[in-house]
Amino acid sequence: MKSLFGLLVIFACAYTNAQAQSLSDKHRAFQPGEIWTDTEGVHINAHGGGILFHGGTYYWFGEHKTDGRTGNRAMVGVSCYSSNDLLNWKREGVALAVHEEGSGSDIEKGSVIERPKVIYNEKTGKFVMWFHLELKDQGYNAAKTALATSDHPTGPYEFQKSLRPNPETWPINFKKSWKKKTITEKELEGWSDEWKKEVAEGLFIRRDFQTGQMARDMTLYVDDDGKAYHIYSAEENLTLHIAELTEDYLGFSGKWAVIEPAGHNEAPAVFKKDGKYYLITSGCTGWEPNAARSFVADDLMGPWTSLGNPAVGEGADLTFDSQSTFIVPVQGKKDAFIFMADRWRPENAIDGRYVWLPIQMKDGRPVLEWQDKWDFSYFDK
Ligand code: DGJ
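Being a predicted model, the structure only gives us computed values, none of them experimental.

Details of the packing of aromatic side chains
Okay, step 1: Within the structure shown, the criterion is met by 30 aromatic pairs.
Okay, step 2: When the ring of tryptophan 89 is compared with that of tryptophan 356, the centres are 6.3 Å apart and the planes differ by 80 degrees; the resulting orientation is edge-to-face. Highlighted residues: tryptophan 89 in the loop between strand E3 (77–83) and strand E4 (90–97) and tryptophan 356 in strand E20 (residues 353–358), separated in sequence by 267 residues. Side by side, tryptophan 89 and tryptophan 356 carry an identical accessibility label, which is buried.
Okay, step 3: For the pair tryptophan 374 and tyrosine 378, a centre-to-centre distance of 6.1 Å together with 70 degrees between the ring planes defines the contact as edge-to-face. Note on accessibility: tryptophan 374 and tyrosine 378 belong to one class, buried.
Okay, step 4: Each residue in the set Phe30, Trp36, Trp60, Tyr81, Trp89, Tyr354, Trp356, Trp374, Phe376, Tyr378 and Phe379 is aromatic and connected to the rest through ring pairs, giving one cluster.

Examining the pairing of strand E10 (residues 228–234)
Okay, step 1: Buried residues dominate E10, accounting for seven of its seven residues.
Okay, step 2: Along E10, one buried face is formed by Ala228, His230, Tyr232 and Ala234 and the opposite face, lined by Tyr229, Ile231 and Ser233, is buried too.
Okay, step 3: Two elements, strand E9 (residues 218–222) and E10, share five bridges in a ladder whose sense is antiparallel. Directly across from methionine 218, in E10, lies its bridge partner tyrosine 232.
Okay, step 4: Between E9 and E10, which follow one another and run antiparallel, lie five residues, and glycine 226 among them has a positive phi close to 85 degrees.
Okay, step 5: Here six bridges tie E10 to strand E11 (residues 239–245), and the two strands are oriented antiparallel to one another. What sits directly across from histidine 230, in E11, is alanine 243.

Focus on the site of the ligand
Okay, step 1: Around the ligand, the structure places Glu114, Arg115, Tyr140, Asp217, Glu266, Gly286, Trp287 and Gln323.
Okay, step 2: Here an oxygen atom of the ligand sits 2.4 Å away from a polar atom, N or O, in the side chain of aspartate 217.
Okay, step 3: Take glutamine 323: an N or O atom from its side chain is 3.0 Å from an oxygen atom of the ligand.
Okay, step 4: Isolated, the ligand exposes 300 Å² of accessible area, and the fraction of that covered by the protein chains is 89%.
Okay, step 5: Counted by class, the shell around the ligand contains two nonpolar, two polar and four charged residues.

Section: the sheet that holds E10
Okay, step 1: Taken together, four strands build an open sheet; the order of strands is E9-E10-E11-E12 and the sheet is antiparallel. Whereas interior strands pair on both sides, the edge strands pair on one side only; in this sheet they are E9 and strand E12 (252–259). Looking at each pair of strands side by side, their axes are set apart by 25 degrees on average, direction ignored.

Side note on the confidence of the model for the protein chain
Okay, step 1: Counting all residues, the mean pLDDT for the protein chain is 94, and 94% of those residues have values of 70 or more.
Okay, step 2: Low pLDDT (under 50) marks residues 7–21, which in the prediction has zero contacts with non-local residues, meaning those over four places away or in another chain.

Considering unusual backbone geometry
Leaving glycine out, the prevailing phi sign among residues is negative, and the prevailing peptide bond configuration is trans.
Okay, step 1: Following glycine 155, the chain continues into proline 156 via a peptide bond in cis, with omega recorded as 5 degrees.
Okay, step 2: Considering the arrangement of structural elements, one finds proline 156 in the loop between strand E7 (144–150) and strand E8 (158–163).
Okay, step 3: Residues glycine 302 and proline 303 are joined by a peptide bond in cis, for which omega reads 5 degrees.
Okay, step 4: Mapped onto the secondary structure, proline 303 falls in the loop between strand E15 (293–297) and strand E16 (305–308).
Okay, step 5: Even without a glycine there, the phi angle at glutamate 260 is positive, about 50 degrees.
Okay, step 6: Take glutamate 260: it is sitting in the loop between E12 and strand E13 (266–273).
Okay, step 7: Although it is not a glycine, histidine 264 sits at a positive phi angle of roughly 55 degrees.

Overview of the nonpolar core
Okay, step 1: Membership of the largest hydrophobic core comes to 23 residues, with the highest contact counts inside it found for Phe30, Ile51, Trp60, Leu86, Trp89, Ile338 and Trp356.
Okay, step 2: Taken together, the elements giving at least two residues each to this core come down to strand E2 (57–64), strand E18 (323–329), strand E19 (337–343) and E20.
Okay, step 3: Beyond its immediate chain neighbours, meaning those up to four positions away, isoleucine 338 contacts Phe30, Leu86, Phe326, Ile327, Val328, Val330, Trp356, Leu357, Ile359, Trp374, Phe376 and Phe379.
Okay, step 4: Grouped together as the second largest cluster of nonpolar side chains are 22 residues, Tyr59, Ala74, Val98 and Ala148 included.

What counts and what doesn't
- Residues numbered from 1 in each chain as written.
- Predicted model: local features only at pLDDT ≥ 70, side-chain atom pairs only at ≥ 80, totals over all residues.
- Heavy atoms only, no water.
- Phe/Tyr/Trp six-rings, centres within 6.5 Å; stacked < 30°, edge-to-face > 60°.
- Helix = DSSP H or I, 4+ residues; strand = E, 2+ residues; numbered from the N terminus.
- Buried < 20%, exposed > 50% of the residue type's maximum accessible area, 1.4 Å probe, protein only.
- Pairing = 2+ DSSP bridges.
- Near = heavy atom within 4 Å.
- Polar contact = N/O pair within 3.5 Å; in protein donor to acceptor, adjacent residues only side chain to side chain.
- Areas by Shrake-Rupley, 256 points an atom, 1.4 Å probe, with all protein chains shown as cover.
- Nonpolar A, V, L, I, M, F, W, Y, C, P; charged D, E, K, R; others polar.
- Axes fitted to C-alpha atoms, helices over the stretch in contact; angles between N-to-C directions.
- pLDDT = per-residue confidence, 0-100.
- Contact = heavy atoms within 4.5 Å.
- Core = buried A, V, L, I, M, F, W, Y, C linked by side-chain atoms within 4.5 Å.

Below, the structure is given as structure tokens:
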């Protein structure tokens with residue numbers, strides 16, 4: 001009897017300890033750049049990600065990276081995590097799995113799947129994932145966008161198709177006379193003033209008119225009226241395009257515009273505040289960080305006005321060693337937005353870190369300041 005009591009005491013103590021352990025393990029603050037463990041204690045694997053808020057839960061989708069340099073290629077697929085507080089994330093598994101190597105599928109193992117974003121279509125009840133796709137063994141030449149759908153936020157997502165946006169369609173902010181120009185890249189010296197002018201006047205848009213426009217780094221944005229937009233780096237990463245999606249979010253409506261011609265922007269991320277749209281991007285330096293840029297517009301289709309580098313303080317010139325991927329509106333807090341960025345580790349892709357920072361608004365501009373550690377009370381200041 002005595003020994004049974006002893007055993008019970010031992011079990012009770014072990015249980016209490018385990019509870020205390022799991023409580024203390026709960027994340028209570030963001031620690032940009034540090035290892036960020038999921039609820040199982042494993043570093044979160046959702047790079048170049050984006051967040052969907054649906055039915056009271058946040059879902060984080062991102063690139064599932066693996067070890068080493070090859071880990072930048074899609075060896076597994078797109079990860080999904082869920083959370084109620086944006087701090088503690090439960091791994092939901094692989095939302096979109098790559099197809100078998102050698103299958104010839106566009107998303108076969110070893111292709112490049114980057115910056116996946118998921119939106120929910122109220123009319124069809126479908127979850128729609130768009131991502132940047134590069135075909136296996138073709139470097140970054142394919143420059144395609146692709147989509148997959150699911151009936152459930154966490155997946156499994158079924159691959160639908162890959163495509164280049166808007167073939168045989170001109171942007172809405174494009175002069176008639178530019179459509180007829182015949183000058184080609186070969187006749188121009190790269191990065192000369194004349195070349196920049198020609199890029200702004202559609203040099204690459206005309207080149208890619210038949211095939212559809214190039215589409216690399218990307219984000220999605222759903223406006224208050226339910227219309228969705230795809231923003232991507234096009235024209236050899238020189239110019240961002242914003243393209244309206246069809247009502248079912250499964251294609252392009254044909255309405256699109258250019259943003260910052262020849263501005264060399266990647267990594268677009270959007271938020272809306274007081275009826276204005278804000279866009280944060282990076283420059284183009286591969287996996288290396290560079291200074292972020294920001295823009296504002298009254299209409300998503302532009303015109304967009306440059307607001308300069310949103311980062312301030314030490315490390316601002318390299319966006320605190322990170323590159324934007326998404327901006328999350330915090331539910332239940334007015335005007336609380338989190339800037340999500342990646343600190344890439346190209347030599348060991350799986351070790352990439354996340355830099356999440358609160359966005360401050362100062363004189364109508366988004367401002368990012370480094371924080372070693374911060375929590376939601378930041379927004380109450
Ligand atoms: C920068 C992009 O933002 C990343 O998503 C990735 O495509 C790297 N370039 C590849 O070098």
